[in-house]
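Structure assessment
What follows is the residue order along each chain.
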Amino acid sequence: MERSGLLVILSSPSGAGKSTLARRLMDWDPSLRFSVSATTRAPRPGEVEGDHYYFRDPEQFRIMVRDGQMLEHAEVFGNFYGTPRAPVEEAMLAGRDTLFDVDWQGGQQIRASVLGTHVVSIFVLPPSLAELERRLIARQQDRPEVIAARMQKSRDEISHWAEYDYVIVNEDIEASTEALKTILTAERLRRGRQVGLGPFVQALMREENA
Ligand SMILES: Nc1ncnc2c1ncn2[C@@H]1O[C@H](COP(=O)(O)OP(=O)(O)OP(=O)(O)O)[C@@H](O)[C@H]1O
Ligand SMILES: Nc1nc2c(ncn2[C@@H]2O[C@H](COP(=O)(O)O)[C@@H](O)[C@H]2O)c(=O)[nH]1
């Protein structure tokens, strides 16, 4: 029986909806742990230290990388982002699944790490580039020049979609959330974890092991 937690990676061009989907997945399964990244980006209105990100200056970030504290890190849109290693390893040992919101560079690095065999990766596509831009504008979180830069990088991010295990076109948020739940349930079952089958599966396993 697999005891280690899964590493569930969500990537997409900025604005396709991965943070929204991550929140919905965690509402559905509160046992999921969200990997809080460190970043040198300035906080957006309403973003909370330790909840959305660990906000660090470039020197603090550099020291974290130098000291091997990051599982992966990358420069994205002119800022540095990285995944603190220790909480991920602790969750895995505890058999707890972790959800990552990282770009394609982070996805590649986590897959290539010693933890790579535990990865399930999902790429979220927008229905179109026009809808992607509409969402970035409607979010009202970034200045027009920031939105323009993110749109300019979107094709580059999208070009990595085929590296992922699954692709979700996030048109309807309810349908996308259901797709994510299905993927997670199937991946847990595939790894021998009991998902919602409770006493029946336990009885079968006892019989098999008798
Ligand atoms: N299926 C959808 N239909 C319409 N709007 C959506 C859908 N999914 C997400 N949104 C909206 O699009 C905006 C961008 O979503 P979100 O912030 O989740 O994107 P993201 O991929 O996490 O972006 P970033 O990489 O910049 O953090 C939000 O305002 C969100 O409410
Ligand atoms: N490689 C990593 N990418 C990360 C990490 N945390 C977030 N991200 C990605 O950065 C962009 C921009 O995020 P935003 O919050 O400024 O909109 C987005 O694609 C994220 O997925 C990380 O730890 N490593």
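Residues numbered from 1 in each chain as written. Chains lettered and ligands numbered in written order. Predicted model: local features only at pLDDT ≥ 70, side-chain atom pairs only at ≥ 80, totals over all residues.

1. Points about the nonpolar core
- Residues Val8, Ile9, Leu10, Phe100, Ile122 and Val124 are the most contacted members of the largest nonpolar core, which totals 26 residues.
- Every element with two or more residues in this core is listed here: strand 1 (7-11), helix 1 (18-28), strand 5 (70-76), strand 7 (98-101), strand 8 (119-125), helix 5 (129-139) and helix 7 (173-190). (Core = buried A, V, L, I, M, F, W, Y, C linked by C-beta atoms within 7 Å. Buried ≥ 20, exposed ≤ 12 C-beta atoms within 10 Å, placed from the backbone. Helix = DSSP H or I, 4+ residues; strand = E, 2+ residues; numbered from the N terminus.)

2. Overview of the site of ligand 2
- Every one of the 15 residues lining ligand 2 counts as a neighbour, but Ser37, Ala74, Tyr81, Val102 and Gly106 are closest to it.
- Listed by contribution, the elements that provide at least two residues to the shell around ligand 2 are strand 5, strand 6 (79-84) and helix 4 (104-112).
- Its residues assigned to classes, the shell around ligand 2 comprises five nonpolar, six polar and four charged. (Near = placed C-beta within 6 Å. Nonpolar A, V, L, I, M, F, W, Y, C, P; charged D, E, K, R; others polar.)

3. Digging into the packing of helix 1 against helix 7
- For the pair helix 1 and helix 7, interaxial distance at closest approach is 10 Å and the crossing angle is 60°. Of the possible angle classes, the one that applies to helix 1 and helix 7 is oblique. Crossing handedness for the pair helix 1 and helix 7: right-handed. Facing helix 1, whose interface residues are Thr20, Leu21, Arg24, Leu25 and Trp28, helix 7 presents Ile173, Ser176, Thr177, Leu180, Lys181 and Leu184.
- When grouped by side-chain class, the residues that make up the contact of helix 1 with helix 7 number six nonpolar, three polar and two charged. (Axes fitted to C-alpha atoms, helices over the stretch in contact; angles between N-to-C directions. Parallel < 35°, antiparallel > 145°, perpendicular 65-115°, else oblique. Left-handed = near helix turned anticlockwise from the far one by under 90°. Contact = placed C-beta atoms within 7 Å.)

4. Observations concerning unusual backbone geometry
- Backbone geometry places Phe77, a non-glycine residue, at a positive phi of 50°.
- Phe77 sits in the partly exposed class, given 14 other C-beta atoms within 10 Å.
- Although it is not a glycine, Gln140 sits at a positive phi angle of roughly 55°.

5. Some points on the sheet that holds strand 6
- Ordered by their spatial adjacency, four strands build an open sheet running 4-3-6-5, and the pairing between neighbours is mixed. Two strands bound the open sheet, and with one partner strand each, they are strand 4 (53-55) and strand 5. For this sheet, the mean angle separating the axes of adjacent strands, direction not counted, is 25°.
- Bridge analysis of strand 5 against strand 6 gives six bridges, and the strand direction is antiparallel. Pairing of His73 across the sheet is with Gly82, part of strand 6.
- Together, strand 3 (37-39), strand 5 and strand 6 form the strand contacts of helix 2 (residues 58-66), whose direction differs from that of strand 6 by roughly 40°.
- Along the sheet, helix 4 contacts strand 5 and strand 6; its crossing angle with strand 5, the most-contacted strand, is approximately 155°. (Pairing = 2+ DSSP bridges.)

6. A closer look at the pairing of strand 6
- Sheet analysis places strand 3 next to strand 6, joined by two bridges and oriented antiparallel. By the bridge assignment for strand 6, Ala38 is matched with Gly82.
- Following strand 5, the chain reverses through two residues before pairing antiparallel with strand 6; Phe77 in that reversal takes a positive phi of roughly 50°.

7. With respect to the UniProt feature "binding site: ATP" (unreviewed entry) in the protein chain
- Here the UniProt feature "binding site: ATP" (unreviewed entry) sits at Ser12, Pro13, Ser14, Gly15, Ala16, Gly17, Lys18 and Ser19.
- Tracing the backbone through its elements, the reader meets Ala16 in the loop between strand 1 and helix 1.
- Filtering out sequence-adjacent residues up to four positions away, Ala16 remains in contact with Val124, Leu125, Pro126, Leu132 and Asn170.
- Note that Ser19 resides in helix 1.
- When the 16 C-beta atoms within 10 Å are taken as the criterion, Ser19 is described as partly exposed. (UniProt positions renumbered as here; feature names shortened; annotations may be inferred.)

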